[in-house]
Amino acid sequence: TRMPVDEKWETVLDMVRLAPDDGCLGHVGAGPLESLLGFHGTDVIDRVEAEASADPKFLKALCSVWQFKMTDDVWERVRGIQKSAPKSSQSASPEL
């Protein structure tokens, strides 16, 4: 069976919390977080925005996300977060 969106969200948050370094955060962002946003972006984008403002590790992971299958609206919101991130978080960001 497929995992519900809320469980996917919690799994991504756990991966971010457990990531030991920036390289691992980049992999979480470019993999599971990017996929979550690609397939469920409209369901999770409000949570993504809130988490990015509250957790620097999550923000760093988010800066490794590319558009993938995200709608243009969701991608625009992600890009807004990425562009407002401190330069140290933007190192892996696409086209900043």
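For the structure given in this document, a descriptive report is provided here.

Definitions and cut-offs
Residues numbered from 1 in each chain as written. Predicted model: local features only at pLDDT ≥ 70, side-chain atom pairs only at ≥ 80, totals over all residues. Heavy atoms only, no water. Disulfide = S-S within 2.5 Å. Helix = DSSP H or I, 4+ residues; strand = E, 2+ residues; numbered from the N terminus. Expected span 1.5 Å × (residues − 1). Buried < 20%, exposed > 50% of the residue type's maximum accessible area, 1.4 Å probe, protein only. Arc of directions from axis to C-beta. Contact = heavy atoms within 4.5 Å. Phe/Tyr/Trp six-rings, centres within 6.5 Å; stacked < 30°, edge-to-face > 60°. Salt bridge = Lys/Arg side-chain N within 4 Å of Asp/Glu carboxyl O. Core = buried A, V, L, I, M, F, W, Y, C linked by side-chain atoms within 4.5 Å. Lys, Arg positive; Asp, Glu negative; His and termini not counted.

### Quick notes on the state of the cysteines
Summed over the entire model, instances satisfying the criterion amount to zero disulfides. Cys 24 takes part in no disulfide bond, and the closest cysteine sulfur, belonging to Cys 63, lies 17 Å away.

### Remarks on helix H4 (residues 72-84)
Since one α-helical turn is 3.6 residues long, residues separated by three or four positions face the same way. The end-to-end C-alpha distance of H4 is 18 Å, a good match for the 18 Å that 13 residues give at a rise of 1.5 Å each. Every buried residue of H4 is accounted for by Val 74, Trp 75, Val 78, Arg 79, Ile 81 and Gln 82. The arc that holds the buried residues of H4, viewed along the axis, is 160°, so those residues lie on one side. Residues of H4 that are exposed and angled more than 90 degrees away from the buried face: Asp 72, Asp 73, Glu 76, Lys 83 and Ser 84. Elements that come into contact with the buried residues of H4 comprise helix H2 (22-54) and helix H3 (56-62).

### What about the packing of aromatic side chains?
Enumeration over the complete set of coordinates arrives at two aromatic pairs. Ring plane angle 65° and centroid distance 5.7 Å describe the contact between Trp 9 and Phe 58, whose orientation is recorded as edge-to-face. Taken together, the residues Trp 9 in helix H1 (residues 5-18) and Phe 58 in helix H3 connect sequence positions 49 residues apart. Comparing Trp 9 with Phe 58 shows no difference in burial state: the two are buried. Ring geometry for Phe 39 versus Phe 68: centroids 5.8 Å apart, planes at 80°, classification edge-to-face. In this pair, Phe 39 is assigned in helix H2 and Phe 68 in the loop between H3 and H4, connecting sequence segments 29 residues apart.

### Brief notes about the pattern of salt bridges
What the rule picks out here adds up to five salt bridges. In this structure, Arg 77 and Asp 46 form a salt bridge, with 2.6 Å as the shortest nitrogen-oxygen distance. Residue Arg 77 is found in helix H4, and its partner Asp 46 is found in helix H2; the two are separated by 31 residues along the sequence. Overall, Asp 46 belongs to the exposed group, its relative accessible area being 53%.

### Notes on the nonpolar core
One finds Leu 33, Leu 37, Val 48, Phe 58, Leu 62, Val 65 and Val 78 to be the most contacted residues of the largest nonpolar core, which totals 27 residues. Of all the secondary-structure elements, those providing two or more residues to this core are H1, H2, H3 and H4. No other element matches the nine residues that H2 contributes to this core.

### Observations regarding the side chain of Glu 34
In this structure, Glu 34 sits in helix H2. No salt bridge is formed by the buried Glu 34. Its closest oppositely charged neighbour is Arg 79, at 10 Å. Those residues in contact with Glu 34 that lie beyond four places of it in its chain are Gly 29, Ser 64, Val 65, Trp 66, Phe 68 and Met 70.

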